[in-house]
Amino acid sequence: MRVAVIGLGYVGLPLAIRLSQLDFNVLGIDINSKKIEDLQKGVLPFANDEPFLKDYFNKEHKRNKITFSTNFENISDKDLIFINVDTPIIGKVPNYSSLISAIKSIAPKLKKKSIVIIESTVSPNTSKNFLIPTIEKYSKLKINKDFFLATVPERIRPNYIFKQLTSLSRVIGVSDKKIKPSLKRVYSQITSGEIDFTDLTTAETVKTVENSFRDVNIAFANEVAIACEEIGVNVWEVMELVNKSPLHNMHQPGAGVGGHCIPKDPWLLASSIKKQNMKLIDTSRSINDNMPKHIFKLTKEALSNSGLRIKNTKLAILGYSYVENSDDTRNSPTSIFEKILKKEKIKFEIHDPLVKEYSKRSVEDIIKGSNCLVLMVSHGAYKYLDVRKISRLMSTKIIIDGRNFFDKEKVTKAGFIYKGVGNV
Ligand code: SAJ
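As the structure is a computational prediction, the values presented were derived from the model and not from experiment.

**Thoughts on the overall build of the protein chain**
Here's step 1: Across its full length, the protein chain carries 16 helices and 15 strands.
Here's step 2: For 424 residues, the compact-globule estimate of 2.2 N^0.38 gives 22 Å, and the C-alpha radius of gyration of the protein chain, at 24 Å, lies within 12% of that figure.
Here's step 3: Dimensions along the principal axes, computed over C-alpha positions, put the protein chain at roughly 75 × 50 × 40 Å.
Here's step 4: Considering only residue pairs separated by 6 or more positions, the protein chain has 72% of its internal contacts joining residues 24 or more positions apart.
Here's step 5: Counting only carbon and sulfur atoms, one obtains 52% of the accessible surface of the protein chain, whose full area is about 19,700 Å².
Here's step 6: Computed over 65 positive and 46 negative side-chain charges, the separation of the two mean positions in the protein chain equals 3 Å.

**Some words on the packing of helix α12 (residues 291-305) against helix α13 (residues 333-343)**
Here's step 1: Where α12 meets α13, the closest approach of the two axes is 8 Å, and the angle between their N-to-C directions is 50 degrees. Considering their axes alone, α12 and α13 lie oblique with respect to each other. For the crossing formed where α12 meets α13, the hand is right-handed. Facing α12, whose interface residues are P292, K293, I295, F296 and T299, α13 presents P333, I336, F337, I340 and L341.

**So, the sheet that holds strand β15 (residues 417-420)**
Within a sheet, each strand pairs with its neighbour through backbone hydrogen bonds, oriented either parallel or antiparallel.
Here's step 1: Read from one edge of the open sheet, five strands run β12-β11-β13-β14-β15, paired in parallel fashion. Looking at strand neighbours, the two that pair on one side only are β12 (347-351) and β15, the edges of this open sheet. For this sheet, the mean angle separating the axes of adjacent strands, direction not counted, is 20 degrees.
Here's step 2: Strand direction decides the pairing type here: strand β14 (residues 398-401) and β15, joined by four bridges, are parallel. Paired with I398 across the strands is I417, a residue of β15.

**Some details on the pattern of salt bridges**
Here's step 1: The full count for this structure, using the stated rule, is 27 salt bridges.
Here's step 2: Salt-bridge contacts for D282 lead to K92; the nearest nitrogen and oxygen are separated by 3.5 Å. Placement of the pair is D282 in helix α11 (residues 279-289) and K92 in the loop between β5 (89-90) and β6 (93-94), with a sequence separation of 190 residues.
Here's step 3: Owing to a relative accessible area of 27%, D282 belongs among the partly exposed residues under this scheme.
Here's step 4: For K92, a relative accessible area of 46% puts it in the partly exposed group.
Here's step 5: Residues E210 and R155 are paired through a salt bridge, measuring 2.3 Å at the closest nitrogen-oxygen approach.

**Re the site of the ligand**
Here's step 1: Neighbouring residues of the ligand: 18 residues in total, closest R157, K207, R214, C261 and Y322.
Here's step 2: Contact between the ligand and Y322: an oxygen atom at 2.5 Å from a side-chain N or O atom of the residue.
Here's step 3: Protein coverage of the free-state accessible area of the ligand, which is 750 Å², stands at 88%.
Here's step 4: Take the shell around the ligand: its biggest share by element is four residues, from helix α8 (residues 200-231).
Here's step 5: Per-class residue counts for the shell around the ligand are six nonpolar, five polar and seven charged.

Criteria and thresholds
- Residues numbered from 1 in each chain as written.
- Predicted model: local features only at pLDDT ≥ 70, side-chain atom pairs only at ≥ 80, totals over all residues.
- Heavy atoms only, no water.
- Helix = DSSP H or I, 4+ residues; strand = E, 2+ residues; numbered from the N terminus.
- Rg over C-alpha atoms; globule rule 2.2 N^0.38 Å.
- Contact = heavy atoms within 4.5 Å.
- Areas by Shrake-Rupley, 256 points an atom, 1.4 Å probe, with all protein chains shown as cover.
- Lys, Arg positive; Asp, Glu negative; His and termini not counted.
- Charge placed at Lys NZ, Arg CZ, Asp CG, Glu CD.
- Axes fitted to C-alpha atoms, helices over the stretch in contact; angles between N-to-C directions.
- Parallel < 35°, antiparallel > 145°, perpendicular 65-115°, else oblique.
- Left-handed = near helix turned anticlockwise from the far one by under 90°.
- Pairing = 2+ DSSP bridges.
- Salt bridge = Lys/Arg side-chain N within 4 Å of Asp/Glu carboxyl O.
- Buried < 20%, exposed > 50% of the residue type's maximum accessible area, 1.4 Å probe, protein only.
- Near = heavy atom within 4 Å.
- Polar contact = N/O pair within 3.5 Å; in protein donor to acceptor, adjacent residues only side chain to side chain.
- Nonpolar A, V, L, I, M, F, W, Y, C, P; charged D, E, K, R; others polar.

As structure tokens, then:
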């Protein structure tokens, strides 16, 4: 089988590499010519710290089973075309410009009996109401007669990409039962996880519900955390004890919810519903979006309790990526916190061991002379921070902990004022 992968980002590139490992002849297409030049030269353009990615990419690059191009010309002999482009939102509305552009580029060149596989996350009913009619229009082919469509939403996250790609179960929505055997053959080589077949719209709904479920649950944890601050108990202890009760899985509160999926997919789900407001999604999104502002409130209070006006202080912010141990900065909660600080004209410096821009200076250098350390992301590298050394470097000893990273008792003993989300 000849295959193409359109969109070589965090999801598409690993998939292209995986398919090459499985001995498929893979054409990887992306409209970003600089990225394609790098890939052609054997240079990994992003996620250099992602486990296995660089190593696997180098091996497959040498084997020559995979080629990279900005050109859609060679789509015409492909049996399977995977689409892994971004599907962002503007405000609360899906923006399918990348998807439309990919669809329009492949449609006129589609080989008869080929299968177009949408791995990008889309709103329920997008395939039925929009993708199929668009492909039919630009290809002049008929669905389930001349070509087929499948929706196989990706399920991976940074730092676990290959582990998840090769082991997680997959939901496959098909336009026609006829294509089930071919897709089963391919996906059961990609992953050792279970393969479940369904229709196109159910698969789209499953994916958007999965990520909405997570967002709503994190929002609940955040709301409870702020309540615990008022009650005067530690939310992390509450969470641990709640989760000992059967059927409970309370999520973790924190400094914010970032990334390219969790803050966006609930809106994809909500945008498919016209007859009602998805109130829980609306509320959860606003609770989670508010967490960097809550960190600001805790910071201001801690400084003020020490007799300092925040405007006269300098903050050391630890962590910029959206999640621990990753260089991915998409929708980073720290970027929201940064905007608040800039608006309030507060001095600050940011450190992140994995984000190029913020890793040039050492963490000690950033902390030196600061009045307050704000931990936004619990990168593994910060485990080696020596609390006593930090305390000597800082002008005033205050820690704001967005991720339950520090041991409150230990840092308090070392003379710090400590305020954490849900534990003040
Ligand atoms: N977060 C919390 N509390 C939690 C869990 C996460 O505040 O209890 C925050 C994180 O710090 C981060 C954000 O939420 O800022 C999102 O992190 P995440 O781990 O929930 O999700 P992603 O975006 O890295 O990846 C998710 C994945 N879903 C799950 O882990 C349940 C992945 O399986 C999906 O494939 C991916 O979204 C996607 O592409 O849809």
